[in-house]
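In case you want the letters, here they are:
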Amino acid sequence: MAAADTTSPSYWLNWRFLLCAIWVLLAVSASAFVIWRSERRGKTRGGQAWGTCLKSVHPIWLLLYRFIAFCCSLALAAADLAKHGVRVFYFYTEWTFTLVTIYFGLGTAISIYGCLLCHQKKSDLGAFPHANTDLEADSHVTTGNGENGSTSDKKCTDRKHGLGWECALQIIFQITAGAVVLTDTVFWLVLFPFFMRKRALSFLEISMHSFNAVFILGEIILNKLHFPFFRIAYFALWTSAFVVFQWILHAFTSVRWPYPFLELSTPFAPLWYLAVGVLLVPCFAVVWFIFKVKKFCLSKYLGESNVEQ
């Protein structure tokens, strides 16, 4: 059966695309509303982005882990790009893996900042406060007059910028974690058994759909980030952006769809799009549940006094 011409107006001007567009529009609108309503009431506590979940574990270990994960993910992404060219960005897998690489790169930079801040605090105070002390404690600075006042203002401004980057890192992490679960679930449970069984997978293909989950799981175990469920909205926006990108691309170029369930010419297209949209919820919920289990186990077996909040 010949593939449908996606550049033809009849491909888009029909009830199938209308329903799919409605699903995506509803997802984007609902996500924007949730973000607007929830983010303005939320607060980012300093130190969450570079601290570890246990007081006995120095942030430098998280820094080392993030740096190793960044180097490995960058090497895999570069190898995939070298082998297949820029067309790899045609796939959601590459979008996800690129985001994983960005996360660990930014996370490494923020961890370096946090470790330097720990060292500075120890030097300034002449004591030995724990390395994972929150940045919030530093926000209460007594301003004097003259040079001391301007130094304090500069520190406050720097901390605001630092908190902005920490908030950005948390949002990227929450998108990445959900996207990794979605990518690997669809690949191993849908694409591989039904569409790819007849050919052998390369090492690169296996790596791109497994190492991302390993990297994220290790990050979850070490970090002390929070994982509020409302931030599934960012995950929905990220996935919607990929769908819209595919629509625009296919409207101007008649190429094969990267995934069979994105095909709009079948009468089941609206059901496929709705199913994938619904799948975002359990994918995000899996990571949310892992965070809950981690917090419960740490509190129960190591005690609240040893766990960073």
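Going by the structure above, here's the rest.
The rules behind the values
Residues numbered from 1 in each chain as written. Predicted model: local features only at pLDDT ≥ 70, side-chain atom pairs only at ≥ 80, totals over all residues. Heavy atoms only, no water. Helix = DSSP H or I, 4+ residues; strand = E, 2+ residues; numbered from the N terminus. Buried < 20%, exposed > 50% of the residue type's maximum accessible area, 1.4 Å probe, protein only. Contact = heavy atoms within 4.5 Å. Phe/Tyr/Trp six-rings, centres within 6.5 Å; stacked < 30°, edge-to-face > 60°. Patch = residues over 30% accessible without salt bridge, like charges linked within 9 Å, V, L, I, M, F, W, Y side chains within 5 Å. Areas by Shrake-Rupley, 256 points an atom, 1.4 Å probe, with all protein chains shown as cover. Salt bridge = Lys/Arg side-chain N within 4 Å of Asp/Glu carboxyl O. Core = buried A, V, L, I, M, F, W, Y, C linked by side-chain atoms within 4.5 Å. Disulfide = S-S within 2.5 Å. Lys, Arg positive; Asp, Glu negative; His and termini not counted. Expected span 1.5 Å × (residues − 1). Axes fitted to C-alpha atoms, helices over the stretch in contact; angles between N-to-C directions. Parallel < 35°, antiparallel > 145°, perpendicular 65-115°, else oblique. Left-handed = near helix turned anticlockwise from the far one by under 90°.

Within the protein one finds nine helices and zero strands. Secondary structure elements in the protein, listed N-terminal to C-terminal, are α-α-α-α-α-α-α-α-α. Out of the 309 residues in the protein, the part that is buried amounts to 42%. Expressed as a percentage of contacts within the protein between residues at least 6 apart in sequence, the contacts between residues at least 24 apart total 83%.

A word on the packing of aromatic side chains. Taken as a whole, this structure holds 28 aromatic pairs when the rule is applied. The rings of Tyr65, Tyr103, Phe104, Phe173, Phe211, Phe215, Phe227, Phe229, Phe235, Phe284, Trp288 and Phe291 are connected pair by pair, giving a single aromatic cluster.

The grouping of Trp15, Leu18, Leu19, Ile22 and Leu26 at the surface amounts to a nonpolar patch, some 480 Å² of accessible area in total. By the element assignment, Leu19 lies in helix 2 (residues 15-39). For Leu19, a relative accessible area of 30% corresponds to the partly exposed category.

With that out of the way, let us pick up the nonpolar core. Phe173, Phe235, Trp247, Trp257, Leu264 and Tyr273 are the most contacted members of the largest nonpolar core, which has 60 residues in total. Sorting the residues of this core by element identifies helix 1 (9-12), helix 2, helix 4 (92-125), helix 5 (147-195), helix 7 (211-222), helix 8 (232-252) and helix 9 (269-302) as the ones contributing at least two each. It is helix 5 that contributes the most residues to this core, 14 residues altogether. Other than its neighbours up to four places away in sequence, Trp247 contacts Trp12, Phe17, Cys20, Ala21, Val24, Trp257, Leu264 and Tyr273.

Below, the discussion takes up the pattern of salt bridges. Counted according to the given criterion, the structure contains two salt bridges. One salt bridge connects Arg231 with Glu39, and the closest N-O pair in it is separated by 2.9 Å. Residue Arg231 is found in the loop between helix 7 and helix 8, and its partner Glu39 is found in helix 2; the two are separated by 192 residues along the sequence. Looking at Arg231, the relative accessible area reads 6%, which means it is buried. Here Arg66 ties to Glu219 by a salt bridge, and the two come within 2.7 Å at their closest N and O atoms. One end of the pair, Arg66, is in helix 3 (residues 59-84); the other, Glu219, is in helix 7, and 153 residues separate them in sequence.

This next bit is on the environment of Val276. Within the secondary structure, Val276 is located in helix 9. Along the chain, Val276 and Leu262 lie 14 residues apart, while their C-alpha atoms are 9.6 Å from each other.

Here the structure, examined in full by the defined rule, presents zero disulfides. Take Cys118: it sits in no disulfide, and the sulfur closest to it among the cysteines is that of Cys115, at 6.1 Å.

What follows is about the side chain of Glu94. Structurally, Glu94 can be placed in helix 4. The charged side chain of Glu94 is buried without a salt bridge, its nearest counter-charge being Arg87 at 11 Å. Residue contacts for Glu94: discarding those within four places in its chain leaves Ala77, Asp80, Val88, Phe89 and Met208.

Here we take up helix 7. Its twelve residues give helix 7 an end-to-end C-alpha distance of 17 Å, which sits within 8% of 16 Å, the value for a rise of 1.5 Å per residue. Among all positions in helix 7, only Asn212, Phe215, Ile216, Gly218, Glu219 and Ile220 are buried.

Let's shift gears to the environment of Ala30. Inspection of the secondary structure assignment puts Ala30 in helix 2. Judged by relative accessible area, Ala30 falls into the partly exposed class, the value being 43%. Each C-alpha atom, one on Ala30 and one on Leu237, is 9.7 Å from the other, the two residues being 207 residues apart in sequence.

In this section: the packing of helix 8 against helix 9. Interhelical geometry of helix 8 versus helix 9 gives an angle of 150° and a closest axis separation of 10 Å. Classed by the angle they form, the pair helix 8 and helix 9 counts as roughly antiparallel. When the axes of helix 8 and helix 9 are compared, the crossing they make is right-handed. Where helix 8 approaches helix 9, its residues Ile232, Phe235, Ala236, Thr239, Val243 and Trp247 are matched on the opposing element by Tyr273, Leu280, Val281, Cys283 and Phe284.

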